[in-house]
Amino acid sequence: MSSQLIDHFRLERELGTGKLGTVYLAVNKDDNSQVALKRFHPYLSQNTQFRDRFIALSYAIEKLKHPNIVPILHYGYAPEATYLAMAYIPGNLRNQLATIRQQGQTYAIEQAVTMTAQMTDGLQYAHSRKLIHLDLKTSNILLGNTADSTRQTPLISDFGLTTLAEGLRGSKSLQFTNTYAYLSPEQVRGERVDGRADIYSLGVILYELVTGRVPFVPRSINEAVNFHTRGTIPRPTALRPDIPPELERLMLKALARKPNERFQSMSALMGVLRQYQSGGLSAIRTVPEPAPRQHKTQYASEPAASLQVPRIERPPVQQEDVGRARLSYGKENETPEFFWLDKNVTNIGRDSANDIIIEGNQVSRFHARIDRDSTGHYRIMDPQGATNGVWLGASRIPVNEPRVWQPGQVVRIGEFWLTLEIIKSTQPQSAVNGVVAGAVGARVATNSIANKPQDHSDRINVQLLADKISVAPGQRRPMRIDIQNEGKETDHFALELHGLPSSWYTTPQNALHLLPERRGTLQVTFHPPRTHDAEAGLHNFDVIIRSQLNRAEYVSRPVKLDVAPFYGMNTTLQTRKFRSDQATQLNIGNIGNIADSYTINVLDAPPDLEVRPQQPKITLQPGQSESLLIRTQSLNRPLIGRGKGKRFRLSVESSSTEVPAQVLTGEVFPVPILSTMLLALTSLGLLSCFAITILSILFFAVAGNGFGTDQTDDSNDDTIQGQS
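Report follows, based on the coordinates.

### A short note on the packing of aromatic side chains
At step 1: Enumeration according to the criterion identifies eight aromatic pairs in this entry.
At step 2: Seen from their ring centres, Phe40 and Phe54 are 5.4 Å apart, and the 75° between their planes marks the pair as edge-to-face. Remark: Phe54 occurs in helix H2 (residues 48-61) and Phe40 occurs in strand E4 (residues 33-40); sequence separation between them is 14 residues.
At step 3: On the basis of relative accessible area, Phe54 is assigned to the buried category, the value being 1%.
At step 4: Three or more aromatic residues link up through ring pairs in this structure, and these residues are Phe40, Phe50, Phe54 and Tyr75.
At step 5: A cation over a ring is seen here: Arg324 above Trp340, with NZ or CZ 4.0 Å from the ring centre.

Shown next, in the form of structure tokens:
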């Protein structure tokens, strides 16, 4: 091909074409270095939605610095040419495997495990920075040489690129046959995916490295759906008998059809791979299996005091995960597992029929149950009276009595700990020294993307009048950013915000046009909604000023948004009129943006009526609601019939003086000593007795008359005989 220029890169020759674009060998004119330049197809470059996704993704992957990830050197956008410039690495794993197969050979097992561990390390690093690959395959694993050129190192390329064109209007089909073999079951079904999809794809690559073939060879998307969701994976030892059983179990666990049965994070897989490499791996469950029949049950009257929750490195989340609930669980000093609570009922135990299978000497077959109510809050219970109980904090949960489970509270099931997390942003949350972030009474601030100023341009000068902005929910607060173009060309500068929900602010629709050496101003207006989602406290975010002439040039400044607290509550009585042998529910909801405590007082109850709330005080997080039982007892009950209703009032008071107390009225009807049914049965019994008595009298009366007549006749006969 004739040399062609894109920005400051000269295209030398085509290396290959993929589903998103064409890759060229190019030369950087600035230093004559070789790069691999991926030029996206024109129909994608001209799509504004693709452009927005590309800018956001490129900004993120440019920051990935890891020895097992191909570095991004430069990126640029224009309708006529959108591109990524990467380090040029000539070899890839797909071509190498093809050569090895032609020679009738396979990878050495230890070499395959080492290479997989390196790829896992790179993926774990990317996942921790909220980047999921979703297109792992051997052609995306490039092979670079180590510094001493004694061995090859895998480098992962094309992070997240497969998501750029998803759902674009007018986009072409992006299905390529060489991808089908590596897709996870949830991907081929079009379901929501997370980092566990990468674990499945990596499991396919490990399977191919060790056995010399992939588990399935689908030739169409329909075959991919059938194979990955219903097909049986050939056991690796059937293809290569010298595979150690521990490694086979590891491979099959990574390839589990259900995401919840795989390793739940790259860090968990990494931990097991390291154990295998050190020779300390004894057993891995490929699918949930029943616990051993013979084990010594330890009867627990109190939780193990030494059980500690480790520091949790949670897998990254996507924007669509905000609002979902995630469970973290594990044993002390072991790598935790993670589980999305997407069902209304989740069962936990060692039996394979449970949603979450945990195996331990102190775990029952059906140990615990998690319920999600209509408001999205969670309760945990011990449904069958597990021998060792279910512990919420330091309290054992009574059998079949659900308890509200707040994010951050620790639940103990045998030798396992569990914590609940509600995803509130895409920024990572962490746990330090055994205290889980998000615990009751604590607020986790949104982490900044940069946390410090970053200058990726020497011609953009940005000045902020303040690095902290205070605003009350429901109100508006502007912030001005001064920008100077210190370059020699006229440029447009766009304002971006990273780290805040987009509904909290408004940025200018048009970029700022500046001549060389000229200064201008852009303004962003903050307006967090007056809802519980706009939590009180500091929220860190980044202000990005980006050149439109060269979008790789930008300046980042960290800023804090201080959201003021506001209080609010709503209360209802589920049933206002009820019998004294029943109970009603008091529903309390925190509609403020800060945790609050509520006190329940009984007002104006008659002297002969006892009103007992389930608890006199409750603390709720923003957006949380709770139901408390209200039980009553009438000291004076009528003998029969419905007694007169007895009214009472409940007062619910917030800890804040901003919120007026709310008063609710209820009416209790005493239960009679003799119920209507009992009276009916008594009346029926009395009538029955009366009827029996009458019948008895009549019977004996009739019988008595008949006996007297017979005697008279006999006496007459005797008389006649005597006379004769």
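### Topic: the packing of helix H4 (residues 109-127) against helix H11 (residues 266-277)
At step 1: One can describe the packing of H4 onto H11 by two numbers: an axis separation of 9 Å at closest approach and a directional angle of 155°. Considered as vectors, H4 and H11 are oriented roughly antiparallel to each other. Two packed elements cross with a definite hand, and for H4 against H11 that hand is left-handed. Along its contact with H4, which presents Ile109, Glu110, Val113, Thr114, Thr116, Ala117, Thr120, Asp121, Leu123, Gln124 and His127, the element H11 presents Met266, Ser267, Leu269, Met270, Leu273, Arg274, Tyr276 and Gln277.
At step 2: The class makeup of the residues in the contact of H4 with H11 is nine nonpolar, seven polar and three charged.

### As for the nonpolar core
At step 1: Judged by nonpolar contacts, the single largest core of 70 residues is most densely connected at Leu93 and Leu209.
At step 2: What Leu209 contacts, discounting residues up to four positions off in sequence, is Leu93, Leu97, Tyr107, Ala112, Met115, Thr116 and Met119.
At step 3: By size, the runner-up hydrophobic cluster in this structure holds 26 residues, among which are Ile483, Leu495, Leu522 and Val559.

### Section: unusual backbone geometry
At step 1: Even without glycine at this site, Asp7 takes up a positive phi of about 60°.
At step 2: Its location among the elements puts Asp7 in the loop between strand E1 (4-6) and strand E2 (9-17).
At step 3: A residue is classified by how much of its surface remains accessible, and Asp7, at 44% relative accessible area, is partly exposed.

### Some points on the sheet that holds strand E6 (residues 83-87)
At step 1: The strand order E1-E2-E3-E4-E6-E5 describes an open sheet built from six strands, whose pairing is antiparallel. The outermost strands of the open sheet, each flanked by one partner alone, are E1 and strand E5 (72-76). Between one strand and the next, the sheet's axes are offset by a mean angle of 40°, whatever the strand orientation.
At step 2: Inspection of the sheet shows E5 paired to E6 by four bridges, in the antiparallel sense. When the bridges of E6 are listed, Gly76 appears paired with Tyr83.
At step 3: H2 contacts E4, E5 and E6 of the sheet and is inclined by roughly 160° relative to E5.

Parameters and conventions
Residue positions are given per chain, counting from 1 as you read along its sequence in written order. Since the coordinates come from a predicted model, pLDDT governs what is reported: local features require at least 70, and pairs of side-chain atoms require 80 or more to be given and counted, while whole-chain, interface and lining totals use all residues. The side-chain numbers reported here are obtained from all heavy atoms of the structure, hydrogens and water having been left aside. Centre distance within 6.5 Å is the pairing criterion for rings of Phe, Tyr and Trp, where only the six-membered ring of Trp is used; planes under 30 degrees apart are then read as stacked, over 60 as edge-to-face, and the remainder as tilted. Every helix listed is a DSSP run of H or I at least four residues long, and every strand listed is a run of E at least two residues long, numbered separately from the N terminus. Only protein chains enter the accessibility calculation, which uses a 1.4 Å probe. A residue is then buried if its area is under 20% of the maximum for its type, exposed if over 50%, and partly exposed in between. Whether a charge sits over a ring comes down to the Lys NZ or Arg CZ being within 6 Å of the ring centre and within 35 degrees of the ring normal. To obtain an axis, a line is fitted to C-alpha atoms, over the contacting stretch when the element is a helix, and the angle between two such axes runs from 0 to 180 degrees between their N-to-C directions. Orientation labels follow simple angle bins: below 35 degrees gives roughly parallel, above 145 gives roughly antiparallel, 65 to 115 gives roughly perpendicular, and whatever is left gives oblique. Should the near helix be turned anticlockwise from the far one by less than a right angle, the crossing is termed left-handed; should it be turned clockwise, right-handed. Any two residues whose heavy atoms approach within 4.5 Å are treated as being in contact. Each residue receives one of three labels: charged for Asp, Glu, Lys and Arg, nonpolar for Ala, Val, Leu, Ile, Met, Phe, Trp, Tyr, Cys and Pro, and polar for the others, Gly being one of them. To form a nonpolar core, buried Ala, Val, Leu, Ile, Met, Phe, Trp, Tyr and Cys residues must be joined to one another through side-chain atoms within 4.5 Å. Note: two strands are recorded as paired if DSSP finds a minimum of 2 bridges between them.

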